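What the coordinates show
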Amino acid sequence: PNRPERSKPADEKTRQRYTLTSRLGVLWNLGDATGATLFMDALAFRSHRHPDVGVGLTLGLVQSWFAAEGPSGITRASLATLPILVRVHYRASVGRAFLGLGAGVGFAMAWVRMRSDGATITGHSYGAAGDASLEAGLRLRTGQFIASLRYLAVYLDTFSSGDRISGSAGGAVFDVGYRWGF
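These figures come from a predicted structure and were not determined experimentally. (Residues numbered from 1 in each chain as written. Predicted model: local features only at pLDDT ≥ 70, side-chain atom pairs only at ≥ 80, totals over all residues. Heavy atoms only, no water.)

Points about the overall build of the protein chain
Tallying secondary structure elements over the protein chain gives 1 helix and 8 strands in all. The helix and strand sequence of the protein chain, counted from the amino end, reads α-β-β-β-β-β-β-β-β. Scaling as 2.2 N^0.38, a compact globule of 182 residues should have a C-alpha radius of gyration of about 16 Å, whereas the protein chain reaches 20 Å, well beyond that. The C-alpha extent of the protein chain, read off along each of the three principal axes, is 80 × 25 × 20 Å. The buried share of the protein chain, taken over its 182 residues, is 36%. Contacts in the protein chain between residues at least 24 apart in sequence constitute 59% of all its contacts with a sequence separation of at least 6. Positive and negative side-chain charges in the protein chain, numbering 20 and 13 respectively, have mean positions lying 12 Å apart. (Helix = DSSP H or I, 4+ residues; strand = E, 2+ residues; numbered from the N terminus. Rg over C-alpha atoms; globule rule 2.2 N^0.38 Å. Buried < 20%, exposed > 50% of the residue type's maximum accessible area, 1.4 Å probe, protein only. Contact = heavy atoms within 4.5 Å. Lys, Arg positive; Asp, Glu negative; His and termini not counted. Charge placed at Lys NZ, Arg CZ, Asp CG, Glu CD.)

Section: the pairing of strand β8 (residues 171-181)
As paired strands, strand β1 (residues 18-28) and β8 are joined by 10 bridges and run antiparallel to one another. Within β8, the residue paired with Val26 across the bridge is Phe174. Where strand β7 (residues 144-156) meets β8, 9 bridges bridge the pair, whose relative direction is antiparallel. Residue pairing in the sheet places Leu149 in a bridge with Phe174 of β8. (Pairing = 2+ DSSP bridges.)

Some thoughts on unusual backbone geometry
Positioned with a positive phi, Leu30 is a non-glycine residue whose angle comes to about 65 degrees. As for its position among the elements, Leu30 is in the loop between β1 and β2 (34-44). For Leu30, a relative accessible area of 57% translates into the label exposed.

Observations regarding the nonpolar core
Counting residues in hydrophobic clusters, the biggest one holds 18 residues, and the most contacted among them are Leu79, Val154, Leu156 and Phe159. Contributing elements (two or more residues each) for this core: β4 (73-94), β5 (97-116) and β7. Phe159 has contacts with Leu79, Ala110, Val112, Gly123, His124, Ser125 and Ile165, leaving out every residue within four places of it along the chain. (Core = buried A, V, L, I, M, F, W, Y, C linked by side-chain atoms within 4.5 Å.)

Topic: the pattern of salt bridges
One pass over the structure, following the stated rule, counts 9 salt bridges. Residue Arg23 pairs with Asp175 through a salt bridge whose shortest N-O separation is 3.8 Å. In this pair, Arg23 is assigned in strand β1 and Asp175 in strand β8, connecting sequence segments 152 residues apart. The same class applies to Arg23 and to Asp175, which are both buried. Put simply, Asp52 and Arg91 hold a salt bridge, and the shortest N to O gap is 3.6 Å. Of this pair, Asp52 sits in the loop between β2 and β3 (53-70) while Arg91 sits in strand β4, and the two are 39 residues apart along the sequence. (Salt bridge = Lys/Arg side-chain N within 4 Å of Asp/Glu carboxyl O.)

Comments concerning the packing of aromatic side chains
Under the definition given, this model contains 1 aromatic pair. Across the ring face of Phe45, the terminal group of Arg91 is positioned such that the distance to the ring centre comes to 3.6 Å. Taking NZ or CZ as reference, Arg150 lies 4.8 Å from the ring centre of Phe39, over its face. (Phe/Tyr/Trp six-rings, centres within 6.5 Å; stacked < 30°, edge-to-face > 60°. Lys NZ or Arg CZ within 6 Å of the ring centre and 35° of its normal.)

Thoughts on the sheet that holds β1
Spatially, 8 strands are ordered β1-β2-β3-β4-β5-β6-β7-β8 in a closed barrel, and the strand pairing comes out antiparallel. The average angle at which neighbouring strand axes cross in this sheet is 25 degrees, direction not considered. (Axes fitted to C-alpha atoms, helices over the stretch in contact; angles between N-to-C directions.)

Section: the environment of Phe174
Tracing the sequence through the fold places Phe174 in strand β8. In this structure Phe174 comes out as partly exposed when scored by relative accessible area, which is 44%. Spatially, the C-alpha atom of Phe174 lies 9.8 Å from that of Ser133, the residues being 41 residues apart in sequence.

Purely geometric numbers; function is a separate question.
Printed below as a string of structure tokens:
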């Protein structure tokens, strides 16, 4: 038997199958470290069965600054981290507003510059990275405004200089951005 076609809801007509999002934010590790972040997310929502679940790639740049006190005095450090994550993302919409949940896993490369007693030491490292995020936003005429809160965890190996960061080199990130859909 022939069934009449159902018209798609307005929300389904406005869903984009591919998205590209740029985000600019601040990082705080719940301690001394603070920093700035820049992230780019590329996601594909390809499943007809689950159109609100997407997979993709996140590329980030995190610049953080912190100080550590040791027997030789205070060391001031600058850490640049490049996380690359494979990401899963879920989105839910209500009118022009929407919410999203995401998680990513991957690796990170990092470069550190430390200054203590007039000496500067540099090094590089790599390690595992992951994040979990919650976002909210508003659909605009040509894209979407995004505000998100995420936790970025980065566990680095010993630096080439012999130094080590204990615990995560990441932290809580609050960022805002813009999403383009295709």
